[in-house]
Amino acid sequence: MTSECTNRELLIYTISRLLTGVRHVAVGMSSPMPAAGAMLLRALNKKHSKEDVQLSILGSIAHNAFTSGAEELFDCAAQGRIDAFFLGGGQIDGKGNVNLVGAGGYPNSKVRWPGSYGSAYLYFLVPRVILFREEHSPRVLVDQVDFISAPGVSEEGVYRRGGPHALLTNAALFSFQSDVGRFRLESVHRGHSARDIQEMTGFSFDNDHCEVETPEPDAATLALMRGQIRTELAETYPLFAASLPDAA
Amino acid sequence: MTSECTNRELLIYTISRLLTGVRHVAVGMSSPMPAAGAMLLRALNKKHSKEDVQLSILGSIAHNAFTSGAEELFDCAAQGRIDAFFLGGGQIDGKGNVNLVGAGGYPNSKVRWPGSYGSAYLYFLVPRVILFREEHSPRVLVDQVDFISAPGVSEEGVYRRGGPHALLTNAALFSFQSDVGRFRLESVHRGHSARDIQEMTGFSFDNDHCEVETPEPDAATLALMRGQIRTELAETYPLFAASLPDAA
Amino acid sequence: MTEFVSPEIMAGMIPSGIKLGLVPDGSGSCPGMVRLLIDQGIRDLHVVCAPIGGMQVDMLIGAGAVAVLETSAVSLGEAGGAPCFGRAVRNGDIRLLDATCPAVFAGLTAAEKGVPFMPIRGIIGSDVLANRTDWKVTTNPFDDSEKIVVVSAIQPDITLIHAPEADRFGNVRLGRLREVMLLAHASKKTFVTVERLSETSLLEDEKLAAAVLPAMYVSAVAEFKNAAWPTGLYAEYEVDDREVQDYAQAARTPEGFQAYMTGTRSAA
Amino acid sequence: MTEFVSPEIMAGMIPSGIKLGLVPDGSGSCPGMVRLLIDQGIRDLHVVCAPIGGMQVDMLIGAGAVAVLETSAVSLGEAGGAPCFGRAVRNGDIRLLDATCPAVFAGLTAAEKGVPFMPIRGIIGSDVLANRTDWKVTTNPFDDSEKIVVVSAIQPDITLIHAPEADRFGNVRLGRLREVMLLAHASKKTFVTVERLSETSLLEDEKLAAAVLPAMYVSAVAEFKNAAWPTGLYAEYEVDDREVQDYAQAARTPEGFQAYMTGTRSAA
């Protein structure tokens, strides 16, 4: 209980902050950190008598209320029933474009990743898309993606009510400014400096001398994470839950 | 068993002939005669080791295999999985147009019928649509319908693989000639003459001196109708089945 | 997130002037609630029949609650034509949006999928199309030689249905009537009356799950036994033919309709 | 109308050169049948992943059976990237039709509804769109100021799935995986392997019916226990993680892939 907040716990806590106000968040099956962040928000809201947070974990039986097939997530997003979603990507560039397809040419990419999944759609329709990629390096955070799975901004005449809200990595938190199509450094995680972040990032961004340290959870929140949230997580992500500090 | 074929039995038998070769026929919930005709074809095919006939009765639980809602009939038709369907109508005109909406002006029709249901769609997509209306009168069989729920023919550039196949009434059987968009008298039921038919019909049609009498079922077929078919019908249409002659 | 309320409170949550989604008699129709709406004087409804209407729609029309009627048909089934509907059409008391069943489903599918329109084959050359300004004929973008109809999305403000069962979490069992699921997906809110409440989650049983409308679509649930009477509820109870015939007879005149509505017990 | 056959006979009914519909690993994937197809030397497939592919698709690619791959992703899940897929992409051995999940569903919905295309929001500005000649940007017919993508219908010749159960009439229980229902509706024919056969009709139980693919879509059924191994079957058995990892390791080279395929037992 007395041990310091770990980097993973900081990320989970930061995700919960980024989700503040959402009613329904969807996460992928292999996304334990976003799920943990959503569970934390749900628990905090309940504690403070704020509104319910619904969490849909795609592919899960227990944490997934969909009954109309895999297309229901996309339909729901289009209906405005999903407030937040997470995207990763092999590359993310300074304009908020994400690449889940490959690097080094297309179609015969030298490095091929799985593919775009639903990104080319959900990025337009889910109001708050949180870009989450733990690795913070010029290899991932590039000036220009090799393939645009989903663009960060759209021109006039394209229906768009969603898009990038923030970019969270192991080292820093950026917000996305959709009016100018650029990231803004909001805070730097303990142990890093703004200068580090500049070096670790392959694109230019605003507020690059930011001196704000990413806020860490208070003791009560940390206790909640190490108790209730860890237990809830274990149902769906047993290995991941076991890797987190516990309350003992 | 020795009594003559009734008019209803003649119609049911004629429907079965019009359905020859179909694999899947759909009928409305309140359409006992078409259902009986389809059941007869199914029984005759089984007797002669010909192909199975699937019958879907809309709204029925037992005789309806759809599991994707009321829209599945229309999807199925579009997929080419339904070979025959029946349409009635308050008015049917000489070009094969049907009117299920009303007579005497629109929208404030003096006489209003329920509405077009799926006719404006199924008429285009089901290969063999059988127009079935027992009343044979100039009131029903008009020169020009007051409202076109579904047109008999379509111009170039409109996707159409279905349409009127035949028109069957209490008194006669017409085929529809889609190339010229006109009906042709094929046969006249026992007790009527071609001259009668001309007088009872509000539109002009080809072969109007037709001397063919509508074929009646042979003794074995009549026995089948009065035994097995009557029993099958009773499950879904008890009152109608009771109104038919039985095998006793 | 689903509220659990009484039928009376639910009726109070359905205001005048909205686009109201309703299903055919016997497929989740709820004349019990419709009578409560009439009692509270609801007006100016745009009723979307998905895809046809029956007795409950005829009652709303008879009560003067309907301004716009979007439907592929209105009928009392075996009991014949819908008398208040026929009268309202003749007198020009309602604005008619005559449709055809699959076009209603296409419009609802567009709303379900969050697209502004859906293409649909057929319909061209009909007077149904000629009278719908919200449908258009366009060209198939993949084949210039084909003309094809597009219908715009249909998104009811509130859909009102009756169902066999809801659980304490707000999940509702619809059975195989997936067109009701479509309507709920397409609607902003769905209000559900049910025969009974289940204490256990309807989503826990994998065999049942595909028949269940998830709580996220369900704004409110009210337990209301027999609320589908006399129109019946699929796989639960049959239509009360005699009662519908009595209605059909009575409603042939405005006075008879009024007498029926005041003189006949509702489901409650 | 549904034929009941052995897995081997079913494999023989699936020829080279067709458009083959497949579902994601664990959602009705059937590596057992895929191995039979590979054994019989199937070639030139246009594989439609609805909407993504896994181990069974990677095996088909590794065996040189795939000419065109239409998918939103291929992955071995927890076991990482799909090695044969990555190699084939690098070497240009397959023609790629990269998609995004809802666009695959939209294309299948178009086929299900018998329309030539479906509109879909999003996608504009992506390189996914830039590389799809069968998708177009059009104007919303109800709002000239909006550009919107239309995708053409996707109609597989044959869809191949594994399911928990079929009855003697050819009805197949899919559970809540309604995307498999969509794929079957969209396909000309659907072939189904099942864990077990039910002697009673799956449509008789009203609670079950919504989870059932009706026989009219099912061309053939083969009883084939454990045919989803090692990829798992939703609500029946879990993925065999160890086996998929072994495959992922082995398939990193063409030789390793060949050794795995000849050396490892299939589900049969």
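Residues numbered from 1 in each chain as written. Chains lettered and ligands numbered in written order. Predicted model: local features only at pLDDT ≥ 70, side-chain atom pairs only at ≥ 80, totals over all residues. Heavy atoms only, no water.

Draft legend 1. Structural detail: the environment of P114(A). You can see P114(A) is positioned in the loop between β7 (111–112) and α4 (119–125). Among the residues examined, P114(A) registers a relative accessible area of 25% and is labelled partly exposed. In this structure the C-alpha to C-alpha distance between P114(A) and I15(A), which are 99 residues apart in sequence, comes to 25 Å. Discounting chain neighbours no more than four positions away, the residues touching P114(A) are L100(A), A73(D), V74(D), S75(D) and F85(D). (Helix = DSSP H or I, 4+ residues; strand = E, 2+ residues; numbered from the N terminus. Buried < 20%, exposed > 50% of the residue type's maximum accessible area, 1.4 Å probe, protein only. Contact = heavy atoms within 4.5 Å.)

Draft legend 2. Expanded view of helix α3 (residues 55–62) of chain D. Residue and element names in this part refer to chain D. Counting buried residues along α3, 7 of its 8 residues qualify, which places the element largely inside the surrounding structure. For α3, the set of buried residues is M55, Q56, V57, D58, M59, L60 and I61. Looking one or two residues beyond α3, the residue adopting positive phi is G64, at roughly 75 degrees.

Draft legend 3. The arrangement of the interface of chain C and chain B in detail. Contacts between the two partners involve 37 residues from chain C and, on the opposite side, 38 residues from chain B. Here chain C packs against chain B, burying approximately 3000 Å² in sum over the two surfaces, 60% of which is carbon and sulfur. In this structure, the connection of chain C to chain B is made through 2 salt bridges. Here D98(C) and R112(B) are joined by a salt bridge, their closest N and O atoms 2.7 Å apart. The interface formed by chain C and chain B holds 12 residue pairs in polar contact (both at pLDDT 80 or more) in total. When residues of the side of chain C that touches chain B are traced back to their parent elements, those giving at least two are α4 (83–91), β5 (95–98), α5 (101–113), α6 (127–130) and α7 (178–186) of chain C. Per-element tally for the side of chain C that touches chain B: the top contributor is α4(C), with 4 residues. Along the lines of polarity and charge, the residues of the side of chain C that touches chain B split into 17 nonpolar, 10 polar and 10 charged. (Buried area = accessible area lost by both parts, 1.4 Å probe. Salt bridge = Lys/Arg side-chain N within 4 Å of Asp/Glu carboxyl O. Polar contact = N/O pair within 3.5 Å; in protein donor to acceptor, adjacent residues only side chain to side chain. Nonpolar A, V, L, I, M, F, W, Y, C, P; charged D, E, K, R; others polar.)

Draft legend 4. Examining the pattern of salt bridges more closely. One pass over the structure, following the stated rule, counts 44 salt bridges over all chains. Here E236(C) and R196(C) are joined by a salt bridge, their closest N and O atoms 2.8 Å apart. One end of the pair, E236(C), is in the loop between β13 (218–223) and α9 (241–250); the other, R196(C), is in strand β11 (residues 189–198), with 40 residues separating them in the sequence. We note a salt bridge from R173(D) to E165(D), for which the minimum N-O separation is 2.9 Å. An identical accessibility class is assigned to R173(D) and E165(D); each is buried. Each of E165(C), R173(C), R196(C) and E236(C) takes part in salt bridges that share partners, so that together they form one network.

Draft legend 5. Structural context of the side chain of H46(C). All names here are of chain C. With respect to the helices and strands, the residue H46 is situated in strand β3 (residues 45–49). For H46, a relative accessible area of 16% translates into the label buried. Those residues in contact with H46 that sit more than four places away from it in its chain are I18, K19, L20, V68, E70 and L97.

Draft legend 6. Seen up close, the packing of helix α2 (residues 31–39) of chain D against α3(D). Residues and elements named next belong to chain D. For the pair α2 and α3, the least separation of the axes is 9 Å and the interaxial angle reads 10 degrees. Judged by the angle between their axes, α2 and α3 are roughly parallel. Of α3, the residues touching α2 (which contributes P31, V34, R35 and I38) are Q56, M59 and L60. Each residue belonging to the contact of α2 with α3 can be placed in one class, and the counts come to 5 nonpolar, 1 polar and 1 charged. (Axes fitted to C-alpha atoms, helices over the stretch in contact; angles between N-to-C directions. Parallel < 35°, antiparallel > 145°, perpendicular 65-115°, else oblique.)

Draft legend 7. Structural view of the packing of aromatic side chains. Following the criterion strictly, the structure yields 22 aromatic pairs over all chains and no others. Centroid distance Y247(C) to F257(C): 6.2 Å. Interplanar angle 80 degrees. Geometry classified as edge-to-face. Note that Y247(C) is positioned in helix α9 and F257(C) in helix α10 (residues 254–263), a separation of 10 residues in sequence. What links up through ring pairs into an aromatic cluster is the set F174(A), F176(A), F183(A), F203(A) and F205(A). A cation sits over an aromatic face here: R160(A) above F124(A), 4.3 Å from the ring centre. (Phe/Tyr/Trp six-rings, centres within 6.5 Å; stacked < 30°, edge-to-face > 60°. Lys NZ or Arg CZ within 6 Å of the ring centre and 35° of its normal.)

Draft legend 8. Seen up close, the sheet that holds strand β5 (residues 98–99) of chain A. Residue and element names in this part refer to chain A. Judged by pairing direction, the sheet is mixed, and its 3 strands sit side by side in the order β5-β4-β9 without closing on themselves. If you trace the sheet from one side to the other, it starts and ends with β5 and β9 (141–142), each paired once. Two elements, strand β4 (residues 91–93) and β9, share 2 bridges in a ladder whose sense is parallel. The partner of D93 across the bridge, within β9, is V142. (Pairing = 2+ DSSP bridges.)

Draft legend 9. The pairing of strand β11 (residues 172–177) of chain A, seen in detail. Residue and element names in this part refer to chain A. Within β11, 6 of the 6 residues are buried, which leaves the element mostly enclosed by the surrounding structure. Looking at chain direction, strand β10 (residues 164–168) and β11 are connected through 3 bridges and run antiparallel. From the neighbouring strand, A166 faces β11, where its bridge partner is S175. Between β10 and β11, which follow one another and run antiparallel, lie 3 residues. Sheet topology places β11 next to strand β12 (residues 182–188); 6 bridges connect them, and they run antiparallel. Each residue of the ladder has a partner; that of A172, found in β12, is V188.

Draft legend 10. Summary view of the interface of chain C and chain A. Contacts between chain C and chain A engage 18 residues on the former and 15 residues on the latter. Across the chain C-chain A interface, the total number found is 1 salt bridge. Summed over the shared surface of chain C and chain A, the result is 9 residue pairs in polar contact (both at pLDDT 80 or more). If you list the elements that add at least two residues to the side of chain C that touches chain A, you get α5 and α7 of chain C. Looking at the side of chain C that touches chain A residue by residue, the classes come out as 11 nonpolar, 3 polar and 4 charged.

Draft legend 11. Structural context of the pairing of strand β3 (residues 45–49) of chain D. All names here are of chain D. Within β3, 5 of the 5 residues are buried, which leaves it mostly tucked inside the rest of the structure. By the alternation rule, side chains of β3 split into L45, V47 and C49 and H46 and V48, which are all buried. Bridge count between strand β2 (residues 19–22) and β3: 4 bridges; the pairing is parallel. When the sheet's bridge partners are listed, G21 is paired in β3 with V48. Of the crossover connections in this fold, the one passing from β2 over α2 to the parallel β3 is right-handed. Looking at chain direction, β3 and strand β4 (residues 66–71) are connected through 4 bridges and run parallel. Of the residues in β4, the one forming a bridge with V47 is L69. With respect to chirality, the unit in which β3 leads through α3 into the neighbouring parallel β4 is right-handed. (Right-handed = clockwise from strand over helix to strand, strands pointing away.)

Draft legend 12. How the structure looks around helix α4 (residues 83–91) of chain D. With 7 of 9 residues buried, α4(D) lies mostly within the body of the structure. Where α4(D) is concerned, the buried positions are P83(D), C84(D), F85(D), G86(D), R87(D), A88(D) and V89(D). Residues of α4(D) that are buried in the fold lie against β7 of chain A together with α3, β4, β5 (95–98), α9 (241–250) and α10 (254–263) of chain D. Just downstream of α4(D), G92(D) is the residue with a positive phi angle, here 70 degrees.

Draft legend 13. Region of the structure containing the domain arrangement of chain C. Residues and elements named next belong to chain C. In terms of domains, chain C is made up of domain 1 (3–101 + 157–259) and domain 2 (117–152). Taken together, both faces of the contact between domain 1 and domain 2 bury some 380 Å²; the carbon and sulfur share is 61%. Of all residues in domain 1, L97, D98 and T100 give up the largest surface area on contact with domain 2, accounting jointly for 71% of the area buried on that side. Put simply, R132 and E70 hold a salt bridge, and the shortest N to O gap is 3.2 Å. Summed over the shared surface of domain 1 and domain 2, the result is 3 residue pairs in polar contact (both at pLDDT 80 or more). (Domains from an automatic or database assignment.)

Draft legend 14. Expanded view of the packing of α3(D) against α4(D). Residue and element names in this part refer to chain D. Relative to each other, α3 and α4 sit at 45 degrees, their axes nearing to 7 Å. Between α3 and α4, the interaxial angle falls into the category oblique. For the element pair α3 and α4, the recorded crossing hand is left-handed. Mapping the contact onto sequence places D58, I61 and G62 in α3 and P83, C84, F85 and A88 in α4. For the contact of α3 with α4, the per-class residue count stands at 5 nonpolar, 1 polar and 1 charged. (Left-handed = near helix turned anticlockwise from the far one by under 90°.)

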